[in-house]
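Next come the chains, spelled out residue by residue.
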Amino acid sequence: MAARRPTVIGVLPFPVLVMIAPSLLLAAFVILYPLWEILRLSVHEISRFGLVRGFVGWDNFTAVLADPSFRASLWRTLVWTGAVVGGTLVVSVPTAVILNMDFAGRGLARAVVMLPWSVSLSMASIVWLWSFNADYGLINTLLQSLGLIARGVPWMARPETAFPIEIAIGVIVSIPFTTTILLGGLSSIPGDIYEAARIDGAGPWLQFRALTLPLLRSFINIAVVLNIIHVFNSFPIIWIMTQGGPDDGTHILITYLYDLAFRLGKPGPAAAISLIMLAILFVFTFLYLRLQPKDAN
Amino acid sequence: MTRFKRITHLAAAAALSLASMAAAARADTVRITVSFYSAATGPYFEKMAAAFTAANPGHEVKIEVVNWPSLLQKLQTDIAGNANPDISIIGTRWLLDFVRDDLVEPLDGHMSADFRNRFIGTFLKPAEIKGKVYGLPIAASARALYYNKAMLTAAGMPDGPKTWDDVAAAAEKIKAAGGNGFGLMAKGTEVDVYWYYALWTHGGQVISPDGKAAFNTPAGVKSLAMYKSFLDRGLTQPGPTDYTREDLQNQFKQGRLGMVITAPFLINQINKEVPTLQYGIAPVPTGTNAATYAVTDSVVMFKNSKVKDTAWKFLDFLFSAGPRIEFTKSEGFLPTTKAEAADPYFTGNERLQTFVNLLPNAQFAPTITGWEDTAKAVTNALQSVYLGTATPEAALKKAEDIANQALGK
């Protein structure tokens, strides 16, 4: 008899099915019920308070797609996600490598890097907003005392300054999580291969490029995918600092969606955006994992 | 037979009295959501709830205090989850949405002529939709110009500016002395309103009587160009799109800002935080005419409440003279009932009287669907002009189109 790969139904023994059924059902409910609700909202005209006014088919989607603010927010979301995830990685990989080395005070350094994780994102955003306050913010005071600027700069007044600052804060708050994943990856690399490489005359840079990076790749992939999902949907930083303004100039999709649903009272179009976001994220993640070269061995 | 009859009578009477006792002892819990106006709001309502319970043993009032910016969203999710309170404070301009979805109760049936007569007529009007009153004005305010006495005296206007030209002239002098002249806000709530002061005093309108967007007119362009020129000439603080109303009020309290248009409650804040600040209050500067913005917040009762009679009893208590005067005093609002207006605290308060005197020229936000969309479209237009990415003409045209679409015109 040729060995058949077991398919889920039929081949799994009955007791196993019974045992996983409750959690399967719970997961299905938790995931499918909201999804069903959002689908329902997206094809109806819904009042601010959730009253269904009528079926509208694709109208919410066409209205959203025709909205220039939506398209601008979509583009900005891609920039936001790319910049925050990319920036996080660029900072986190060296940080993790350094924290993995043996040096005095390593425990303290690790704690310091992890510390921002314990502060809620909303609180961190509020503190940063104060720091960038035009009149008495820490940043302006610092720059003034260094003689770099003569008068307080209203950082949040223009999207050109506000958005990059928000990206930078996004990077800062993503570092602890990413570094943790990478540290886990580094600790799984055996030390003797570095020794062998050193004997063969490889310098630190070559060791990093030829050994650390390739061996770390699957961990980097996890970090990238999880960060993409998280950053793409990240609401507090932008909402607290600029509420998507001025002139809708710092909206990403999630803040724009919130603005539509709760400020303007339009749950229908907001649900449509939410589904579009789900689709984008799905494609994003799928493509990213697909484009990764398969493991050599 | 008679004996039996008597017994049944007795039993019936006993049952009746038991029933009435039960009714009297039925403990209703009235849930009310109030907005956080100041640190005094929560304690005030707790105090009123305790007084109400003392006068009506068994009944209870539960207070929930919610920040103003999240109040509508909170109610929205409460209602969707069928967990809304019995009564709530709302912005009167939101009322129409509540009425359209049949969520709130018309109050005319509860109101006696005597109760209705407690109010100053102007303030009951904004919460009236199709002849029915849906909300009671719990908070009212109007807007006037606060000016820093020292700065304006140095600029030669010890009594404050009268016209927009005066504002510009005074701001020039304040700027020369190294201060910020006229505060211009363009972040957070009421960005649109801050421009309506200029629009209205130039003879413009936000919405025409037939419900169309009416701000894209020569008066609109002129008033917006005026604000933009203030900004370009350095007569305002730099970067208005980084300043909320609270930011400007803080600058004013610190004596770093010459003039700012805002609500009467700043008086209380100044009394408490910087009692030494020398300042005056003048009407909103005039262009071709005088105008100001008046706004009320209303208490509404939800249709699905199971304790309407007790809830109304509590409202009746809240709107009696004692509680009203205490509330309006501590929050720094304007009187909405006649008893408050007659109280010596208000009649003798010159600063508050400046606001009261503006009411004949006051504009209220209209109760129309699409007001929030209009507010947002106008806000975006103003921000784009202040940022220099659009001209007043182009920005107002764009906002007009968006607003008309939302207004269904």
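What counts and how
- Residues numbered from 1 in each chain as written.
- Chains lettered and ligands numbered in written order.
- Predicted model: local features only at pLDDT ≥ 70, side-chain atom pairs only at ≥ 80, totals over all residues.
- Helix = DSSP H or I, 4+ residues; strand = E, 2+ residues; numbered from the N terminus.
- Buried ≥ 20, exposed ≤ 12 C-beta atoms within 10 Å, placed from the backbone.
- Contact = placed C-beta atoms within 7 Å.
- Rg over C-alpha atoms; globule rule 2.2 N^0.38 Å.
- Nonpolar A, V, L, I, M, F, W, Y, C, P; charged D, E, K, R; others polar.
- Domains from an automatic or database assignment.
- Pairing = 2+ DSSP bridges.
- Axes fitted to C-alpha atoms, helices over the stretch in contact; angles between N-to-C directions.
- Core = buried A, V, L, I, M, F, W, Y, C linked by C-beta atoms within 7 Å.
- pLDDT = per-residue confidence, 0-100.
- Parallel < 35°, antiparallel > 145°, perpendicular 65-115°, else oblique.
- Left-handed = near helix turned anticlockwise from the far one by under 90°.

**Some thoughts on the overall build of chain B**
Link 1 in the chain: In terms of regular secondary structure, chain B is built from 19 helices and 12 strands.
Link 2 in the chain: Across its three principal axes, chain B shows a C-alpha extent of roughly 105 × 50 × 35 Å.
Link 3 in the chain: Considering chain B as a whole, with its 409 residues, one finds that 46% of them fall into the buried category.
Link 4 in the chain: Looking at chain B alone, contacts between residues at least 24 apart form 76% of all its contacts between residues at least 6 apart.

**Quick notes on the overall build of chain A**
Link 1 in the chain: When helices and strands are counted, chain A shows 13 helices and two strands.
Link 2 in the chain: Whereas a compact globule of 297 residues would reach a radius of gyration of roughly 19 Å, chain A reaches 24 Å, over 25% beyond that.
Link 3 in the chain: The dimensions of chain A, computed from C-alpha atoms along their principal axes, are 85 × 75 × 30 Å.
Link 4 in the chain: Counting the 297 residues in chain A, one finds 31% classified as buried.
Link 5 in the chain: Look at the contacts in chain A between residues 6 or more apart in sequence, and 68% of them connect residues 24 or more apart.

**Concerning the interface of chain A and chain B**
In many analyses, interface size is given as the accessible surface area lost on bringing the parts together.
Link 1 in the chain: Contacts between the two partners involve 19 residues from chain A, matched on the other side by 23 residues from chain B.
Link 2 in the chain: Considering only residue class, the side of chain A that touches chain B consists of nine nonpolar, four polar and six charged.

**Focus: the domain arrangement of chain B**
All names here are of chain B.
Link 1 in the chain: Here chain B is described as being made up of domain 1 (27-141 + 295-363) and domain 2 (143-294 + 367-407).
Link 2 in the chain: Averaged C-alpha coordinates put domain 1 and domain 2 at centres separated by 28 Å.
Link 3 in the chain: On the side of domain 2, 19 residues touch domain 1, which itself brings 22 residues to the contact.
Link 4 in the chain: Elements with a minimum of two residues in the side of domain 1 that touches domain 2: α4 (95-100), β6 (136-142), α17 (350-358) and β12 (362-364).
Link 5 in the chain: Per element, the largest residue contribution to the side of domain 1 that touches domain 2 is five residues, and it comes from α17.

**Description of the environment of P344 of chain B**
Link 1 in the chain: Within the secondary structure layout, P344 of chain B lies in helix α16 (residues 344-347).
Link 2 in the chain: Residues P344 of chain B and Q363 of chain B lie 19 residues apart in sequence; the distance between their C-alpha atoms is 27 Å.

**Things to note about the sheet that holds strand β7 (residues 144-148) of chain B**
Residues and elements named next belong to chain B.
Link 1 in the chain: Here we have four strands laid out as an open sheet, ordered β8-β9-β7-β10, and mixed in their pairing. Two strands bound the open sheet, and with one partner strand each, they are β8 (180-182) and β10 (279-282). Each neighbouring strand pair of the sheet contributes to a mean axis angle of 25°, computed without reference to strand direction.
Link 2 in the chain: The strands touched by helix α11 (residues 245-253) are β7, β8 and β9 (257-262); relative to β9, the strand with the most contacts, the crossing angle is about 140°.

**Quick notes on unusual backbone geometry**
Link 1 in the chain: Look at the link from G245 of chain A to P246 of chain A: it is a cis peptide, with omega at -10°.
Link 2 in the chain: Mapped onto the fold, P246 of chain A is located in the loop between α11 (236-241) and α12 (253-263).
Link 3 in the chain: Despite not being glycine, N82 of chain B shows a phi value in the positive range, around 55°.

**What about the nonpolar core?**
Link 1 in the chain: Counting residues in hydrophobic clusters, the biggest one holds 117 residues, and the most contacted among them are V300 and L315 of chain B.
Link 2 in the chain: The residues that make up this core include at least three from each of domain 1 (27-141 + 295-363) and domain 2 (143-294 + 367-407) of chain B.
Link 3 in the chain: With residues up to four places along the chain from it excluded, the contact list for L315 of chain B reads I87, L136 and V299 of chain B.
Link 4 in the chain: Residues V84, F163, F219 and V224 of chain A belong to the second largest nonpolar core, which totals 47 residues.

**Comments concerning the environment of Y243 of chain B**
Link 1 in the chain: Locating Y243 of chain B in the fold gives a position in the loop between α10 (218-232) and α11.
Link 2 in the chain: Leaving out residues up to four positions away in the same chain, Y243 of chain B has contacts with M185, A186, K187, Q237 and L248 of chain B.

**Thoughts on the confidence of the model for chain B**
Link 1 in the chain: With 94% of its residues at a pLDDT of 70 or more, chain B shows a mean pLDDT of 91.
Link 2 in the chain: With a pTM of 0.87, the predicted complex shows an ipTM of 0.85.

**Here we look at the packing of helix α8 (residues 159-187) of chain A against helix α10 (residues 204-232) of chain A**
All names here are of chain A.
Link 1 in the chain: Running from N to C, α8 and α10 point in directions that differ by 150°, and their axes come no closer than 9 Å. Taken together, α8 and α10 sit at an angle that is classed as roughly antiparallel. Considering the relative orientation of α8 and α10, their crossing is right-handed. Facing α8, whose interface residues are G170, S174, T178, I181, L182, G184, G185 and L186, α10 presents L216, F219, I222, A223, N227 and V231.
Link 2 in the chain: Partitioning the contact of α8 with α10 into residue classes produces eight nonpolar, six polar and no charged.

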